[in-house]
Each structure stands twice: as C-alpha cells, then as structure tokens.
Amino acid sequence: YRFLDKIKNHPPSPFPVLPIIGHFYLFKKPLHRTLSKLSDRFGPVLLLRFGSRPVLLISSPSAADLVWAPYGDHWRNLRRISTLEILTSSRVQMMSHIRTDEIRSLMRRLVRSRNQTVELKSLFFELVLNVMMRMIAGKRYYGENVEPVEDTKRFQEMVRDTLRLGGTTNISDFLPVLRFVSRGYEKSLIELQEKRDRFMQRLIEENRERASSESSTSLSEENNKNMIQVLLFLQENEPDYYTDEIIRGMMLALFSAGTDTSSGLMEWAMSLMLNHPEVLKKAQDELEYCVGHDCLVDESDLPKLSYLHCIIKETMRMYPVGALIPHQSSEEYTVSGFRIPRDTMLLVNLWAIQNDPKVWDGPAKFKPKRFKELGDGMRDGFKLMPFGVGRRGCPGENLAMRMVGLTMASLIQCFERETILNEKIDMTEQLGLSLSKAFPSKLQYQPCPTMLNALSQI
Ligand code: HEM
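Throughout, a residue's number is its position along its own chain's written sequence, starting from 1. Given that the model is predicted, a residue must reach a pLDDT of at least 70 before its local features are reported, and side-chain atom pairs must reach 80 or more before they are shown or counted; all residues, however, enter totals for whole chains, interfaces and linings.

Draft legend 1. Here's a closer look at the overall build of the protein chain. Counting its regular elements, the protein chain contains 19 helices and nine strands. With C-beta atoms placed from the backbone, a residue is buried if 20 or more other C-beta atoms are within 10 Å of its own, exposed if 12 or fewer are, and partly exposed between those counts. The burial tally for the protein chain puts 36% of its 458 residues in the buried class. Contact between two residues is assigned when their C-beta atoms, built from the backbone, lie within 7 Å. Restricting the contact set of the protein chain to residue pairs at least 6 apart, pairs at least 24 apart contribute 74%. Strands are runs of DSSP state E lasting at least 2 residues, helices are runs of H or I lasting at least 4, and numbering of each runs from the N terminus.

Shown next, in the form of structure tokens:
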C-alpha cells in the first residue's frame, strides 16, 4: 500500500489483495465495511492493485474531489442524452401523472390486502419498475390490470435473471487469474444481455410502428411521448448519433440505474421509521399539518414536507444504496499534485465517508433532525453525496427524490403499520457491492380510519 502523499509521481505498487478477499469471504462483512476497515488501518486514500489494475480507494471527504477525474467516451453520449433530453426537470415534471397513478395503484393494493403480510422490497421494486417502464416505453408489467401475456412473462423473467446474476459476487473481478472459475457466470451474463437487447429492440420497433401509424399531431405533443418516442423523434434528424444501439443503451441505463436504487432507499427508510416510532410520529404530524385528512398528498406538497426530506437524507447517509462509487480515469491525471495513472479504478467509499465519526456526530444514530440543524450546505464539503457529485453525479436525482418522497408520504399519510409480531426490523446489510437489506422487511398495513374517505375515492 501507499498513502496518497507517497504516490506522488510514483506508479502504484502491488498490494496484497488477499487480505481484502479473505476478510470479505471469511468474516462475511459487506465490501464497503471491509474496505473501510482497511482505510482506518492504512489511511483514507490508498492506491492498491487488483491483479494488473490500479485501484484508488478514497474514504475521506477531503479527497473526494478526485471523483472529478476525466471519464471515457463510451459513457459520454448516454450521459449527454440523459441530462439534456430524457431526465430534464420539465420532462420529469410532465410525467408526474405516471408516478401518481402507480402510487395510487399500490395504495389500492394495500387497502385490498389489509391484514395480510406484505414484503416491502417486492412492493417497492414493482412500483418503481412500473413507473420506469411507463416512462421509458409506456407499458407496465406488474400489479392491477396486467395480463399474463408472453411479453409480461418475458419481462418478469428478465428482471428475475438480472437480480439473480447482478447479486452474485464474481471472484475474478478481484483476482483475474481465477477467470476460469467464472466462465459459466460470464456466459450467463452474455445470454442475459442478448435477451435484454432483443426485448428492448422489440419495444423500439413497436414504438416506431406506432409513430408511423399515429397522426403526427398526437405525437408532436410532448406530454404524450414516452422516452423511446422522444429518442426516435431525435433519430429522425440525427440518425448517426441517435442509433438504435444508443437508444437500447439509454433504456438499459435508466432501467438498471433507477430501479434497485430507488426501491432500496424506500425499503431502508421505511424500515428505519418502523424501528423509530418517534420519527414516524413526527412525520405523520407533519403530513397532518401540511396536507390534512381530506385529500391525498400530492407531488406539489413535497416542498412543504421538510421533516420527511430530512428522513430521506438521513437514510441515504446511513445506507447509501451505491455504497462504493466506481470511476475510471481514461487518461493519466494529476489532481492536487498527485499523479493518478491511466485506467485507475477510483473507488469512493461513500459509506465510510458518510458514517465517519470524525465527520459526523454519532453516525450510527438515526437522527433526521441533524439535517434541520445543518441545512443544505452539507454537500459543499463532500460529506454527504448519495447521488455522487459533479459531472458524473446521478442525472436521476430529481426523479428519484420525487418518486421516493411521494411514495413515503402517501404510505405515512394513509396507513398504520405493524411489523410482524411487533418485532424490530432486522437492519443487517447484505454481502455484495450495492448496499441492500439482507432480510426483507415484512409487515401488515391497515388504512388509517381518518383517511378511509379519501382512499375510497382512488
Ligand atoms: C435513490 C435513488 C438513486 C440513488 C441513490 C442514485 C445514486 C447514484 C449514484 C451514487 C451514481 C454514481 C454517481 C457517480 O458516478 O459519481 C448514479 C449514477 C447514475 N444514476 Fe442514479 N441514483 C438513484 C436513482 C436514479 C434514477 C431514478 C435514475 C434514472 C431514471 C438514475 C440514473 C442514473 C444514471 C444514468 C447514472 C450514471 C451517470 C454517469 O455515470 O454519468 N439514478 N446514481
């Protein structure tokens, strides 16, 4: 290992990677915690080598501006399209009816299944998938009024395979010499990718046919367009730039970056609130004060719900769903006088930064109110960056905050909930690269008597 001040103008030296893997596998700790221990022991900025690959591990807010390092071409196009065309605030706003519809459909489902046990993970995951797929392609695949047709089955199977393969740790990512062990895994990944490509291409063709058969006026109305239609419209003028491959890549990027993250955050936040009834009570009081009982909370109410906003932020601080942000320098790069070699993987340990006792007061405590005291200036010091920062920061932040905010607000406003046998929810983290719950949170929902009237109207 080398500390950052020692790597100035030196190439990375080989780091014995076995202790990391040993810790990961033997002590069964999630990787962000293992790497955090390593940083505690050797320093907050380490240059390691995994096989032939230099890896810069950052666990300190003062070094986090390294995430500004240059990035490669292959992602630049997708990035540009997502921020300038697809996830602009006006388009996200235009699609608010989809989020409202889907959240109301979830509420009807919960009213119907009162006294039955529900699993938060699948509930939120299906909600977010429906929202994302309606925004992308105008179709939903789960819940009410969804026919079990071939297309639906294919989509659901594809999602299952993605979760199964995505949740597997591939040992050859850490030790490339063991590549032969993971050949079967790599083959399954390639097959899955081909399946997803065929599925996405079919959706593109369907929308292309619809565009040519529908009147040009109905499609020129921005409100009616899904994301594929927006991209096909752009393709007409710039076919070499907006190719079908780019459209498929865009769909996949939104689908994979937006679903697990948003639903994971909702599960962590709801579980934390169930374990802290005093926080839940304050959130209920806020909703009662700001919205009342006569109508359901709406996206336009979200700016008034400042305590709910603090709960979401505090959840993201304690359980950032992207706990380790990986970047890669496409060229040799110098920052603050330190030389970062080309092709270095920059791994920012967000979890370690956001849970560092030197930076946060009592970081293991769930204390939403700390954000009321600290205000929004927190970001400036790179102490809290659950969506990343700068030009590689998450382009879906606005969408995610609206979707998560409205779902949480609706559940808090309309339902009373009981954990199974009133036990505390187990907050153990799953092993793996993303930060998800090891055990699903299960509970029963009962509509609040005061909200029955408003609920009966949806
Ligand atoms: C709670 C929800 C979410 C969280 C916590 C989250 C977090 C993140 C983080 C940490 C990154 C990496 C930033 C970096 O590399 O510096 C990222 C990237 C990205 N996110 Fe999100 N995200 C969320 C929801 C979404 C949604 C809803 C979408 C879109 C529909 C989305 C689309 C993307 C895309 C396309 C990237 C890649 C950007 C790039 O590499 O340039 N995310 N997100």
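Draft legend 2. Broad picture of the packing of helix H6 (residues 96-112) against helix H18 (residues 397-414). Every axis corresponds to a line fitted to the C-alpha atoms, with the helix fit spanning only the stretch in contact, and the corresponding angles, defined between N-to-C directions, vary from 0 to 180 degrees. Where H6 meets H18, the closest approach of the two axes is 10 Å, and the angle between their N-to-C directions is 35°. The chirality of how H6 crosses H18 is right-handed. Between H6, through Arg99, Ile103 and Met107, and H18, the contact on the second element is made entirely by Arg402, Met403, Leu406, Thr407, Ser410 and Cys414. Under the convention adopted here, Pro, Cys and the residues Ala, Val, Leu, Ile, Met, Phe, Trp and Tyr are nonpolar, Asp, Glu, Lys and Arg are charged, and Gly plus all remaining residues are polar. Taken together, the residues of the contact of H6 with H18 sort by class into five nonpolar, two polar and two charged. Helix crossings get a hand from a simple test, with the near helix turned counterclockwise from the far one by less than a right angle marking a left-handed crossing and a clockwise turn marking a right-handed one.

Draft legend 3. Up close: the UniProt feature "binding site: heme" (unreviewed entry) in the protein chain. UniProt positions are given in the numbering used here, feature names are shortened, and annotations may be inferred rather than shown by experiment. Feature annotation in UniProt assigns "binding site: heme" (unreviewed entry) to the following positions: Cys394. Looking at where Cys394 falls in the secondary structure, it is placed in the loop between helix H17 (369-374) and H18. A tally of 20 C-beta atoms within 10 Å means that Cys394 is categorised as buried.

Draft legend 4. How the structure looks around the site of the ligand. Only the C-beta atom matters for this test: placed from the backbone, it must lie within 6 Å of a molecule or strand for the residue to be near it. Around the ligand lies a shell of 26 residues, among which Ala257, Gly258, Gly388, Cys394 and Gly396 are the nearest. The greatest single-element share of the shell around the ligand, amounting to seven residues, is contributed by helix H13 (residues 244-275). Along the lines of polarity and charge, the residues of the shell around the ligand split into 15 nonpolar, nine polar and two charged.

Draft legend 5. Geometry of the packing of helix H7 (residues 120-137) against H13. At a minimum axis separation of 9 Å, H7 and H13 run at an interaxial angle of 145°. Seen along the crossing, H7 lies across H13 with a hand that is right-handed. For the pair H7 and H13, the contacting residues are Leu120, Lys121, Phe124, Phe125, Val128, Leu129, Met132 and Ile136 in the first and Met251, Leu254, Phe255, Gly258, Thr259, Ser262, Ser263, Met266, Glu267 and Met270 in the second.

Draft legend 6. Examining the sheet that holds strand S9 (residues 442-447) more closely. Across the sheet, which stays open at both edges, the three strands sit in the order S3-S9-S8 with antiparallel pairing between neighbours. Strand pairing shows two members of the sheet lacking a second neighbour, strand S3 (117-119) and strand S8 (415-419), which therefore form its edges. Averaged over neighbouring strand pairs, the angle between their axes works out to 45° when direction is ignored. The rule for pairing is simple: two strands pair if DSSP sees at least two bridges between them. For S3 and S9, the ladder comprises three bridges, and the chain directions are antiparallel. Residue Glu119 lies in a different strand from S9, and its bridge partner there is Lys442.

Draft legend 7. Broad picture of the environment of Glu85. With respect to the helices and strands, Glu85 occurs in helix H4 (residues 73-86). Accessibility expressed as a C-beta count within 10 Å gives 16 for Glu85, which makes it partly exposed. It is 8.0 Å that separates the C-alpha atoms of Glu85 and Val230, two residues lying 145 residues apart in sequence. Ignoring anything within four residues of it in the chain, the contact list for Glu85 reads Val230 and Leu234.

Draft legend 8. Structural detail: unusual backbone geometry. Of note in this structure, Asn115 is not a glycine but carries a positive phi near 70°. Checked against the element boundaries, Asn115 lands in the loop between H6 and S3. With a phi close to 55°, Asn145 is a non-glycine residue in the positive phi region. Relative to the elements of secondary structure, Asn145 occurs in the loop between H7 and helix H8 (150-166). We classify Asn145 as exposed; it has 6 C-beta atoms within 10 Å.

Draft legend 9. The arrangement of the nonpolar core in detail. Core analysis: the biggest nonpolar cluster contains 97 residues, and Met132, Ile136, Ala269 and Met408 have the highest contact counts within it. Ignoring sequence-local partners within four residues, the contact set of Ile136 consists of Asn226, Met227, Ile228, Met251, Leu254 and Phe255. As used throughout, a nonpolar core is a set of buried Ala, Val, Leu, Ile, Met, Phe, Trp, Tyr and Cys residues joined through C-beta atoms within 7 Å of each other.

Draft legend 10. Structural context of helix H10 (residues 183-213). The span expected for a helix works out to 1.5 Å for each residue beyond the first. Helix length check: H10, at 31 residues, gives a terminal C-alpha distance of 45 Å against a target of 45 Å (1.5 Å per residue), a fit within 8%. Of all the positions in H10, only Arg196, Met200, Leu203 and Asn207 are classed as buried.

Draft legend 11. Layout of H7. Along its 18 residues, H7 runs 25 Å from first to last C-alpha, staying within 8% of the 26 Å computed at 1.5 Å per residue. In terms of residue burial, H7 counts as a mostly covered element, since 17 of its 18 residues are buried. Following H7 by one or two positions, Gly138 adopts a phi angle in the positive range, close to 75°.

Draft legend 12. Looking closely at the environment of Tyr141. Among the structural elements, Tyr141 can be located in the loop between H7 and H8. As a C-alpha pair, Tyr141 and Leu127 span 14 residues in sequence and 9.7 Å in three-dimensional space.

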